[in-house]
Amino acid sequence: MIRRKILAGNWKMNKLNVDVAPFFKQLKESLEKLQPTKSGFNSIAENGPEVLFALPFPLLVGGMQAASFYGYTVAAQNFHWADAGAFTGEVSAAMLKEIGVTSTLIGHSERRQFFGETDQTVAKKVKQAITQKFSPIVCVGETLEEREKGLTHQVIERQIKSVFQDLGDFSTKELASLVIAYEPVWAIGTGKASTAEDAQDVHGFIRKQASTLRGEAFAQSLRILYGGSASPKNIVELFTKPDIDGALVGGASLVADDFAKMIAAAFEA
Ligand code: PGA
């Protein structure tokens, strides 16, 4: 099964609208210099990796205009599980759809760590995403303490079970847009990425879980991204692993030249 690679940038709470156009201009120039060989820069949308940027809400409209020109898409970094209501400070799927955004991160570890997201809220958001025909990128990953105690698989199993716990009413086809991002918490923003071998171990484990929960055909089509200090330095090796279908990139996605190198690597993978 060939799974199209995804390269997703996560800008977190960085940059302003004024930075968007210069960023994409620089990205284009860097890519033109690199000339990813397999398909050529111009056909990036058809034959290359899927490229998307998870942007802060106020940057989505401007980002979409700049990104779509290159065949890239933008995603939100979060949304609420309810259709509407008294949820001050939150944003609904309908609000995102209205501006043309149908993709979002869910359960990023920073949301879990700083904003009280739990396996339960993640499950509700995943259900809402599938109901609203969104493409969710759902983040899972163990903390350093959990890894050192040998609990990595246990934690991942619990988190993956919760991702699928409310999806019983949906067909496999309806779940085709679901993407999982494995982001070991200790690797995020630390410069200490997981080794490709360790990441492959967990990615393989996630695919096994998906097979148990939703069947082998679904598991084989599920795209699983690695995140946590992914950079131009380690991306090529990460992409050699059979169960690594792309990357969710924080810091390196803020630097157009670095991200261009990673897009080029996804072309070659
Ligand atoms: P990082 O962040 O690449 O800066 O480690 C990844 C993420 O949090 O999505």
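What you see is a predicted model; the values in this text were computed from it and never measured. Along each chain, the written sequence defines residue order, and numbers are assigned to residues from 1. Only residues with pLDDT of at least 70 are given local features in this predicted model, and only at 80 or more are side-chain atom pairs given and counted; all residues enter the totals for whole chains, interfaces and linings. Calculation of side-chain values draws on the structure's entire complement of heavy atoms; hydrogens and water are dropped beforehand.

1. A word on the environment of F164
For step 1, the next point in the chain: Secondary structure counts use DSSP, requiring at least four H or I residues in a row for a helix and at least two E residues in a row for a strand, with both numbered from the N terminus. On the secondary structure map, F164 appears in helix α8 (residues 152–164).
For step 2, the next point in the chain: Linking F164 and T152, residues twelve residues apart in sequence, is a C-alpha distance of 19 Å.
For step 3, the next point in the chain: Residue contacts are counted whenever heavy atoms from the two residues lie within 4.5 Å of one another. If we ignore the near neighbours within four places in the chain, the residues touching F164 are L175, L178, L213, R214 and F218.

2. Comments concerning the packing of helix α6 (residues 119–131) against α8
For step 1, the next point in the chain: With axes taken as lines fitted to C-alpha atoms, and helix axes fitted only over the stretch in contact, angles between N-to-C directions fall between 0 and 180 degrees. It is the contact of α6 with α8, at a shortest axis distance of 7 Å, that shows an interaxial angle of 35°. Seen along the crossing, α6 lies across α8 with a hand that is right-handed. Judged by residue contacts, D119, A123 and V126 of α6 engage R158, Q159, S162 and V163 from α8.
For step 2, the next point in the chain: The residue makeup of the contact of α6 with α8, split by class, is three nonpolar, two polar and two charged. For any pair of crossing helices, the crossing counts as left-handed if the nearer helix is rotated counterclockwise from the farther one by less than a right angle, and right-handed if it is rotated clockwise. Under the convention adopted here, Pro, Cys and the residues Ala, Val, Leu, Ile, Met, Phe, Trp and Tyr are nonpolar, Asp, Glu, Lys and Arg are charged, and Gly plus all remaining residues are polar.

3. Things to note about the nonpolar core
For step 1, the next point in the chain: We define the nonpolar core as a collection of buried residues of types Ala, Val, Leu, Ile, Met, Phe, Trp, Tyr and Cys that are connected through side-chain atoms lying within 4.5 Å of one another. Each residue is assigned to one of three classes by its accessible area relative to the maximum for its type, calculated with a 1.4 Å probe on protein chains only: buried under 20%, partly exposed between the two thresholds, exposed over 50%. Ranked by size, the top nonpolar core spans 70 residues in total, and within it F24, L27, F53 and Y72 carry the most contacts.
For step 2, the next point in the chain: In terms of residue count, the dominant contributor to this core is helix α12 (residues 256–268) (eight residues).
For step 3, the next point in the chain: I6, V179, A181 and L225 belong to the second largest nonpolar core, which has twelve residues in total.

4. A closer look at the environment of K261
For step 1, the next point in the chain: Here K261 shows up in helix α12.
For step 2, the next point in the chain: Through-space distance from the C-alpha of K261 to that of V18 is 23 Å; in sequence the pair is 243 residues apart.
For step 3, the next point in the chain: Beyond its immediate stretch of four places on either side in the chain, K261 contacts L34 and P232.

5. Considering the sheet that holds strand β1 (residues 6–10)
For step 1, the next point in the chain: With parallel pairing, the eight strands of this open sheet are ordered in space as β3-β2-β1-β8-β7-β6-β5-β4. Of all strands in the sheet, those with a lone pairing partner are β3 (73–75) and β4 (103–106), marking the two edges. Neighbour-to-neighbour, the strand axes of this sheet turn through a mean angle of 25°, independent of strand direction.
For step 2, the next point in the chain: Paired strands, as defined in this entry, are two strands with at least two bridges between them according to DSSP. The sheet contact formed by β1 and strand β8 (residues 246–249) spans four bridges and is parallel. Among the inter-strand pairings, A8 is bridged to a residue of β8, identified as L248.

6. So, the site of the ligand
For step 1, the next point in the chain: Around the ligand, the structure places 13 residues, and the nearest of them are K12, H108, E183, G189 and S229.
For step 2, the next point in the chain: Here an oxygen atom of the ligand and a backbone polar atom of G189 are 2.6 Å apart.
For step 3, the next point in the chain: Definition of a polar contact: a pair of N or O atoms within 3.5 Å, with one able to donate and the other able to accept a hydrogen when the atoms are protein atoms, and with sequence-neighbouring residues admitted only if both atoms are side-chain atoms. S229 is positioned such that a nitrogen or oxygen atom in its backbone is 2.7 Å from an oxygen atom of the ligand.
For step 4, the next point in the chain: The Shrake-Rupley method, run with a 1.4 Å probe, gives the accessible areas here. Residue values count only the displayed protein chains as cover. Bound to the protein, the ligand loses 95% of the 290 Å² it would expose on its own.
For step 5, the next point in the chain: Among the residues making up the shell around the ligand, the classes are represented as four nonpolar, seven polar and two charged. In these notes, residues near a molecule or strand are those with any non-hydrogen atom within 4 Å of it.

7. Things to note about unusual backbone geometry
A negative phi angle is the norm for most residues apart from glycine, just as the trans form is the norm for most peptide bonds.
For step 1, the next point in the chain: Despite not being glycine, K12 shows a phi value in the positive range, around 50°.
For step 2, the next point in the chain: Mapped onto the fold, K12 is located in the loop between β1 and α1 (17–34).
For step 3, the next point in the chain: Even without a glycine there, the phi angle at S229 is positive, about 55°.
For step 4, the next point in the chain: With respect to the helices, strands and loops of the structure, S229 is situated in the loop between β7 (223–227) and α11 (235–238).

Take it as geometry only, folks, not as evidence of what the structure does.
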